[in-house]
Amino acid sequence: MTSLTDTFMTSAAGAFKSYLLLLIFSAIFGKVLGDVGACQSIAYKMARLVKKLWPGHEKFLGVMAMGLITCVFCYGGISVFVVIFTLIYIGKELYEELDIPWYMLTVTGMGTGTFAASMIPGSPQLVNIVPMEYYGTPAYAAPVLGMICAVFSFAFTCWWISFKVKRITKRGEGFYPSANEFMKSWTDKARVEEQPLWKCLLPSVVLIVILNATSLGTVAACWGGIITTAILFGPTKIHWAEDCVASVGNAAGSLTALA
């Protein structure tokens, strides 16, 4: 009883206080980009590009592209929570287009859990920032060791992707049936009208600029991205009520597990 009422509840209250708004607005940002077709358009363009770059190896390049996008977003200062909620929409469309098993979206760990988040000097992620407070070190501490680890991590990840893609190709695995359970909760299953790339990327660019050029924080940066999306694509294309309700539920569920 003490563990439930004291230890767990104290931890849960702290997690909700620190991350609830971040998770809610990052989820809304991802859903808004999905509503207007921005994420889908990016995925369609990526699919065409990888097919042209290396015919016959589209699945390898598709998985690799998802990992590299995550790395760019993470090193650009976007919270890992925002990255995951945003890229899940791009990943769904890209993987379905290239017939890649849904479980391969774990490649986003390439950015959220390896070199982009903690090894490359200057990373703005918490795993690199928190030690600065306790050890008095700068964000660019141990640059040589960090880059060595980053190169090793990147090389190992490339090998892992190649190994997994060869295995799924040999087994004949595709987007289905691995995505059957996931697709049951997916509301928008129709192919959307493709949008210009600059228009699709601008909300994320605004988010990164606000996050890195001001002291407003991640929640305000997410708001900036949401507002930019509404201005560019029109507020009527966004399912505001559904997105907010779903985002609160996702955030609460994630925080309960985190606590």
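These numbers were taken from a predicted model, which means no experiment stands behind them.

Asks: Even after reading the chapter, I still don't get the overall build of the chain, so can you show me in this structure?
Replies: Counting its regular elements, the chain contains 13 helices and zero strands. For the chain, the sequential pattern of α-helices and β-strands runs α-α-α-α-α-α-α-α-α-α-α-α-α. For 259 residues, the compact-globule estimate of 2.2 N^0.38 gives 18 Å, and the chain sits close to it at 19 Å. Across its three principal axes, the chain shows a C-alpha extent of roughly 50 × 50 × 45 Å. Counting every position in the chain, which comprises 259 residues, the buried fraction comes to 45%. If you take every contact in the chain between residues at least 6 apart in sequence, the share linking residues at least 24 apart comes to 78%. Surface summary for the chain: the accessible area is close to 13,400 Å², and the carbon and sulfur share equals 69%. Side-chain charges in the chain split into 18 positive and 15 negative, and the spacing between the mean points of these groups amounts to 7 Å.

Asks: Is there a simple way to think about the nonpolar core in this case?
Replies: Inside soluble globular proteins, nonpolar side chains tend to come together where they are buried. Val63, Met66, Ile90, Leu94 and Tyr95 are the most contacted members of the largest nonpolar core, which has 67 residues in total. Residues in contact with Val63, not counting those within four places in the same chain, are Tyr95, Ile100, Met104, Val107, Ile161 and Val165.

Asks: For this particular structure, what's the right way to read the packing of aromatic side chains?
Replies: Any two aromatic rings considered together are summarised by their centre-to-centre distance and by the angle between their planes. Tallied over the full model, the rule gives 10 aromatic pairs. With a centroid separation of 6.4 Å and 80 degrees between ring planes, the pair formed by Tyr95 and Trp102 is classed as edge-to-face. Comparing Tyr95 with Trp102 shows no difference in burial state: the two are buried. Where Trp102 meets Phe175, the ring centres are 6.1 Å apart and the plane angle is 80 degrees; that geometry is what we call edge-to-face. On the criterion of sequence distance, the pair formed by Trp102 in the loop between helix 4 (80–98) and helix 5 (109–112) and Phe175 in helix 9 (residues 175–178) is long-range, its members being 73 residues apart. Owing to a relative accessible area of 12%, Trp102 belongs among the buried residues under this scheme. Ring-pair connections join several aromatic residues into one group, and the members of that group are Tyr95, Trp102, Phe175, Tyr176 and Phe182.

Asks: Whenever I open this one, the environment of Gln125 confuses me. Can you help?
Replies: Here Gln125 shows up in the loop between helix 6 (115–119) and helix 7 (126–135). In sequence terms Gln125 and Val36 are 89 residues apart; their C-alpha atoms lie 28 Å from each other.

Asks: Looking at this structure, how should I read the confidence of the model for the chain?
Replies: Any segment with low pLDDT has predicted coordinates that should not be analysed in fine detail. Averaged over all residues, the pLDDT of the chain equals 86, while 96% of them reach at least 70. Of all helices and strands in the chain, the one with the weakest mean pLDDT is helix 7 (75), whereas helix 8 (residues 143–171) scores best (94).

Asks: Teacher, can you tell me more about helix 3 (residues 58–75) here?
Replies: Along an α-helix, residues three or four apart share an orientation, since each turn contains 3.6 residues. The end-to-end C-alpha separation of helix 3 is 25 Å, in line with the 26 Å expected for 18 residues at 1.5 Å each. Of all 18 residues in helix 3, 14 are buried, a share of seventy percent or more.

Asks: Would you take a moment to explain the side chain of Lys31 for this structure?
Replies: Turning to its location among the elements, Lys31 is positioned in helix 1 (residues 2–35). Side-chain polar atoms of Lys31 contact the side chain of Tyr89, separated by 3.2 Å. In this view, Lys31 contacts Tyr89, Asp243, Ala246, Ser247 and Asn250; residues no more than four positions away in its chain are not counted.

Asks: Any chance you could explain the side chain of Thr157 here in plain terms?
Replies: Looking at the element boundaries, Thr157 is found in helix 8. In this structure Thr157 comes out as buried when scored by relative accessible area, which is 11%. Among the polar contacts listed, one links the side chain of Thr157 to the backbone oxygen of Ser153, at a separation of 2.7 Å.

Asks: Is there a simple way to think about unusual backbone geometry in this case?
Replies: Cis geometry marks the peptide bond from Tyr176 to Pro177, where omega comes out at 5 degrees. Positive phi outside glycine occurs at Asp99, with the angle close to 60 degrees. Structurally, the position occupied by Asp99 is in the loop between helix 4 and helix 5. A positive phi angle, near 50 degrees, is found at Ala142, a position not held by glycine. Among the structural elements, Ala142 can be located in the loop between helix 7 and helix 8. Classification of Ala142 as partly exposed rests on a relative accessible area of 45%.

Parameters and conventions
- Residues numbered from 1 in each chain as written.
- Predicted model: local features only at pLDDT ≥ 70, side-chain atom pairs only at ≥ 80, totals over all residues.
- Heavy atoms only, no water.
- Helix = DSSP H or I, 4+ residues; strand = E, 2+ residues; numbered from the N terminus.
- Rg over C-alpha atoms; globule rule 2.2 N^0.38 Å.
- Buried < 20%, exposed > 50% of the residue type's maximum accessible area, 1.4 Å probe, protein only.
- Contact = heavy atoms within 4.5 Å.
- Areas by Shrake-Rupley, 256 points an atom, 1.4 Å probe, with all protein chains shown as cover.
- Lys, Arg positive; Asp, Glu negative; His and termini not counted.
- Charge placed at Lys NZ, Arg CZ, Asp CG, Glu CD.
- Core = buried A, V, L, I, M, F, W, Y, C linked by side-chain atoms within 4.5 Å.
- Phe/Tyr/Trp six-rings, centres within 6.5 Å; stacked < 30°, edge-to-face > 60°.
- pLDDT = per-residue confidence, 0-100.
- Expected span 1.5 Å × (residues − 1).
- Polar contact = N/O pair within 3.5 Å; in protein donor to acceptor, adjacent residues only side chain to side chain.

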